[in-house]
Amino acid sequence: MQATLAVFGRIDVLVNNAGSMVMGAVEEVTMKELREQFEVVFFGAAEVTKAVVPLLREQGSGTIVQMSSLGGVKTYPGYGAYHAAKYALEGYSETLAAELAPLGVRVLIVEPGAFRTEFNRNKRITEELAVYKDSAGLTRQATEKLLDTEPNDPVKGVAAITKALDSEHPPLRLLLGNDAVDGLREHHESILTELTQWEELSRSTAVS
């Protein structure tokens, strides 16, 4: 941060883009692997964010871009460690957005679908237990088939993020890709259906 300030004199946008993925069923992922997943995806972003927030707050301006994922709002078997870290980042960032908004600092949570980058190629894969072949195992297969055929262009993704940042009223969350939009809409519809189905029981806990 100090090196950046020495060159430019200010920081207007922070992008937390570091990422990693441990792929495997929850039982297959070791605690060491789980902690390492959180160190990169959550604690790394949190540490850099905390370093820059005081500066942006004093400026009264700036934007923090948190690169989350569709996997930060919707889950798939075999991505439990990744989802857990991204869900943590989402909650942290949404809270931060509410805290910083009155101070003139914005937070943008970006939720991409599958992009044609090196991310899928660099994942860590756990040793597979046969009992999960029809759940996490199917995700493993689908992820391997997706390699180098991901539907989204990272150059267009950057352009979309820039356009959102340049808008007068940027969103809190920005989905990127047809797969992200369709996936989240399907997930939210499922949640709403279940909420409606169990609403009577859910409301039955009120003090009489």
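Reading the values: rules and limits
- Here, residues in each chain are numbered from 1, in the same order as that chain's written sequence.
- Totals for whole chains, interfaces and linings use every residue, but because this is a predicted model, local features are given only for residues with pLDDT of at least 70 and side-chain atom pairs only at 80 or more, for both listing and counting.
- In computing side-chain values, all of the structure's heavy atoms are included and hydrogens and water are not.
- Paired rings are identified among Phe, Tyr and Trp, the last through its six-membered ring, by centres lying within 6.5 Å, and are further divided according to the angle between planes into stacked (under 30 degrees), edge-to-face (over 60) and tilted (the rest).
- Classification of residues uses two cut-offs on accessible area relative to the type maximum, computed with a 1.4 Å probe and protein chains only: under 20% is buried, over 50% is exposed, and between them is partly exposed.
- Numbering of helices and strands starts at the N terminus; helices are DSSP runs of H or I of at least 4 residues and strands are runs of E of at least 2.
- By the convention used here, strands pair only if DSSP detects at least 2 bridges between them.
- In this analysis an axis means a line fitted to C-alpha atoms, helices contributing only their contacting stretch, and an angle means the value between N-to-C directions, from 0 to 180 degrees.
- Should any heavy atoms of two residues lie within 4.5 Å, those residues are counted as being in contact.

I'd like a description of the packing of aromatic side chains, backed by residues and values.
Enumeration over the complete set of coordinates arrives at 5 aromatic pairs. Ring geometry for Phe 42 versus Phe 43: centroids 5.0 Å apart, planes at 70 degrees, classification edge-to-face. The exposure class assigned to Phe 42 is buried, which follows from its relative accessible area of 13%. A residue is classified by how much of its surface remains accessible, and Phe 43, at 43% relative accessible area, is partly exposed. With centroids separated by 5.4 Å and ring planes inclined at 80 degrees, the aromatic side chains of Phe 42 and Tyr 92 adopt a geometry described as edge-to-face. Here Phe 42, found in helix 2 (residues 31–59), pairs with Tyr 92, found in helix 3 (residues 80–100); they are 50 residues apart in sequence, far enough to count as distant. Judged by its relative accessible area of 26%, Tyr 92 falls in the partly exposed class. Through pairs of rings, three or more aromatic residues link up here, namely Phe 38, Phe 42, Phe 43 and Tyr 92.

Which residues make up the pairing of strand 6 (residues 173–176), and what are the values?
Side chains on a regular strand alternate between the two faces of the sheet. Where burial is concerned, the two faces of strand 6 differ: the one with Leu 174 and Leu 176 is buried and the one with Arg 173 and Leu 175 is not. As paired strands, strand 4 (residues 106–112) and strand 6 are joined by 4 bridges and run parallel to one another. Across the sheet, residue Pro 112 finds its bridge partner in strand 6, namely Leu 176.

Which residues make up the sheet that holds strand 1 (residues 13–16), and what values go with them?
In space, the 4 strands of this open sheet follow the order 1-3-4-6, with parallel pairing throughout. Of all the strands in the sheet, the pair left with one neighbour each is strand 1 and strand 6. Sheet twist, expressed as the mean angle between neighbouring strand axes with direction ignored, is 20 degrees. Where helix 5 (residues 154–166) meets the sheet, it contacts strand 1, strand 3 (63–67), strand 4 and strand 6, and its direction lies at approximately 155 degrees from that of strand 6.

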